[in-house]
Amino acid sequence: LNDVTFNVGTTSASVDGVATVNYKVHSFTSSGNFQITSGSGNVDYLMVAGGGGGGGSKTGNSGGGGGGAGGMLQNTASLSSNTYSITVGSGGTGGIGGYGTDNGGCMGNDGTDSTFNSLTAIGGGGGGAGSASGACAYQHGQDGGSGGGEGGYSKYLAPAPYYGVGTSGQGNDGGSEGSANGSNGGGGGAGSSGTDGTSATAGSGGDGLSSSITGTATFYAGGGGAGGYNVNAGTGGSSIGGDGGGYGTVAGNNAVANTGSGGGGSGISSGWGTTGQQGGSGSNGIVIVKYVDDGSITATGGTVTTT
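Residues numbered from 1 in each chain as written. Predicted model: local features only at pLDDT ≥ 70, side-chain atom pairs only at ≥ 80, totals over all residues. Heavy atoms only, no water.

Things to note about the overall build of the chain
Within the chain one finds zero helices and 13 strands. Each helix (α) and strand (β) of the chain, taken in turn from the N terminus, gives the series β-β-β-β-β-β-β-β-β-β-β-β-β. Put simply, the chain has 307 residues, and 52% of those count as buried. Carbon together with sulfur atoms contributes 47% to the accessible area of the chain, which is approximately 11500 Å² in total. (Helix = DSSP H or I, 4+ residues; strand = E, 2+ residues; numbered from the N terminus. Buried < 20%, exposed > 50% of the residue type's maximum accessible area, 1.4 Å probe, protein only. Areas by Shrake-Rupley, 256 points an atom, 1.4 Å probe, with all protein chains shown as cover.)

Some words on the nonpolar core
Membership of the largest hydrophobic core comes to 20 residues, with the highest contact counts inside it found for Phe 34, Leu 79 and Phe 116. At the level of elements, strand E5 (32-48), strand E6 (72-87), strand E11 (286-292) and strand E12 (297-300) are the ones that each hand at least two residues to this core. If sequence neighbours within four positions are ignored, Phe 116 has contacts with Phe 34, Tyr 45, Met 47, Leu 79, Tyr 84, Ser 85, Ile 86, Val 287 and Val 289. Of all hydrophobic cores here, the second largest spans 11 residues; its members include Ala 69, Ile 213, Ile 286 and Ile 288. (Core = buried A, V, L, I, M, F, W, Y, C linked by side-chain atoms within 4.5 Å. Contact = heavy atoms within 4.5 Å.)

Regarding the pattern of salt bridges
Think of it this way: side chains of opposite charge can pair up when their charged atoms draw near. Under the definition given, this model contains one salt bridge. Across the pair Lys 290 and Asp 44 runs a salt bridge whose closest N-O atoms are separated by 4.0 Å. Taken together, the residues Lys 290 in strand E11 and Asp 44 in strand E5 connect sequence positions 246 residues apart. (Salt bridge = Lys/Arg side-chain N within 4 Å of Asp/Glu carboxyl O.)

Side note on the state of the cysteines
For the structure shown, the criterion picks out one disulfide. Across a sulfur-sulfur distance of 1.8 Å, Cys 106 and Cys 136 are joined as a disulfide pair. Judged by the sign of its S-S torsion, about 65°, the bond between Cys 106 and Cys 136 is right-handed. Here the residue Cys 106 occupies a position in the loop between E6 and strand E7 (114-116), and Cys 136 occupies one in the loop between strand E8 (119-121) and strand E9 (209-211), the gap between them amounting to 30 residues. (Disulfide = S-S within 2.5 Å.)

Quick look at the environment of Ser 211
By the element assignment, Ser 211 lies in strand E9. A residue is classified by how much of its surface remains accessible, and Ser 211, at 6% relative accessible area, is buried. Sequence separation of Ser 211 and Leu 46 is 165 residues, and the distance between their C-alpha atoms is 8.2 Å. Once residues lying within four places of it in the same chain are set aside, the contact partners of Ser 211 are Leu 46, Met 72, Gln 74, Thr 216, Ala 217, Thr 218 and Tyr 220.

Focus on the packing of aromatic side chains
Within this structure, the stated rule accounts for five aromatic pairs. Seen in terms of ring centroids, Phe 34 and Tyr 291 are 6.4 Å apart; in terms of plane orientation they differ by 50°. Their pairing is tilted. Placement of Phe 34 in strand E5 and of Tyr 291 in strand E11 is noted, with a sequence separation of 257 residues between them. Neither Phe 34 nor Tyr 291 differs from the other in exposure class; each is buried. For the ring pair Tyr 84 and Phe 116, a centre distance of 6.3 Å and an interplane angle of 65° mean the geometry is edge-to-face. Of this pair, Tyr 84 sits in strand E6 while Phe 116 sits in strand E7, and the two are 32 residues apart along the sequence. By way of ring pairs, the aromatic residues Phe 34, Tyr 45, Tyr 84, Phe 116 and Tyr 291 are connected into one cluster. (Phe/Tyr/Trp six-rings, centres within 6.5 Å; stacked < 30°, edge-to-face > 60°.)

Things to note about the pairing of E6
In terms of strand pairing, E5 meets E6 through 14 bridges, oriented antiparallel. Counted as the bridge partner of Ile 36 is Asn 82 from E6. In this structure, E6 lies alongside E7, joined through two bridges in antiparallel fashion. Counted as the bridge partner of Ile 86 is Phe 116 from E7. (Pairing = 2+ DSSP bridges.)

Observations concerning the confidence of the model for the chain
Any segment with low pLDDT has predicted coordinates that should not be analysed in fine detail. Put simply, the chain has an average pLDDT of 89, and 87% of its residues get 70 or more. Low pLDDT, under 50, characterises residues 1-12; the stretch is placed with 15 contacts to residues that sit more than four places away or in other chains. (pLDDT = per-residue confidence, 0-100.)

So, unusual backbone geometry
Positioned with a positive phi, Ser 118 is a non-glycine residue whose angle comes to about 65°. Position of Ser 118 among the secondary structure elements: in the loop between E7 and E8. By relative accessible area, which is 81% here, Ser 118 ends up exposed.

Observations concerning the pairing of E11
Taking burial as the measure, the seven residues of E11 include six buried ones, the bulk of the element. The pairing of strand E4 (residues 23-28) with E11 spans six bridges and is classified as antiparallel. What sits directly across from Lys 24, in E11, is Tyr 291. Bridge count between E5 and E11: five bridges; the pairing is antiparallel. Bridge assignment links Tyr 45 to a residue of E11, and that residue is Val 289.

A short note on the environment of Gly 108
Structurally, Gly 108 is set in the loop between E6 and E7. Between the C-alpha atom of Gly 108 and that of Gly 265, which follows or precedes it by 157 residues, the distance is 8.2 Å. Those residues in contact with Gly 108 that sit more than four places away from it in its chain are Gly 53, Gly 54, Gly 55, Thr 93, Gly 94, Gly 95, Gly 126 and Gly 127.

Right under this line is the structure:
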């Protein structure tokens, strides 16, 4: 049985003689203002941008790459009484599907940036298109906080690389297509790069990173899994990126809400008589600010909790 002591009227406590501290946590899932109405001191912050959408597929044999996760930043800043504008980035929609030679599948749309205190977390790159023809021919994975994965046929487009490149300190690169047209690259995540496709499985999304800023360990910024053709679909990073679509399963899956993760790339429709399908959407980002609840700072904004 632990010896627990609480000091009534203060924010302090002790467990077995070890001091504990309460924190105020301000969570923003949409844009707003963090306003320090009095005081100053250090605040911890977590910023995640919107994730990129997965690539769309072209009917027949060409799937989309996984969307890249939004950039992730976490650190400590010294702030004083002021109003700090916060922008929470939106997830990119998945690339549309296409049919035959008229218009192949298109790349996913990029996520948008999250901002706070003159810092910017960069939106995730859209997954590469599953297309060798039409208006979206050879669209490769896009650069971003983390890069989008390579889609079908991108390897026939010069110059390389065909996957999206991540931003140093915020995320990682997308993965490459493994075999011609069929096994596409996963989107990059904050914790690791998207994996390359293989002869058996499309690339999985890169891992996210865990943060306990709210008092509960939570993963953010996972990459989207890639779509495949005659191979297993890629899975989303850290179970928060969208899973890719497999052959006959087609549509990519959306990322988990407010984690800044990438959408899954679309798989392949069953046969030439059907239209390719849309990639999954990346999810919106989040901005979280935390400080010691000892009266040094009084602030408003977002959803406020104590941990």
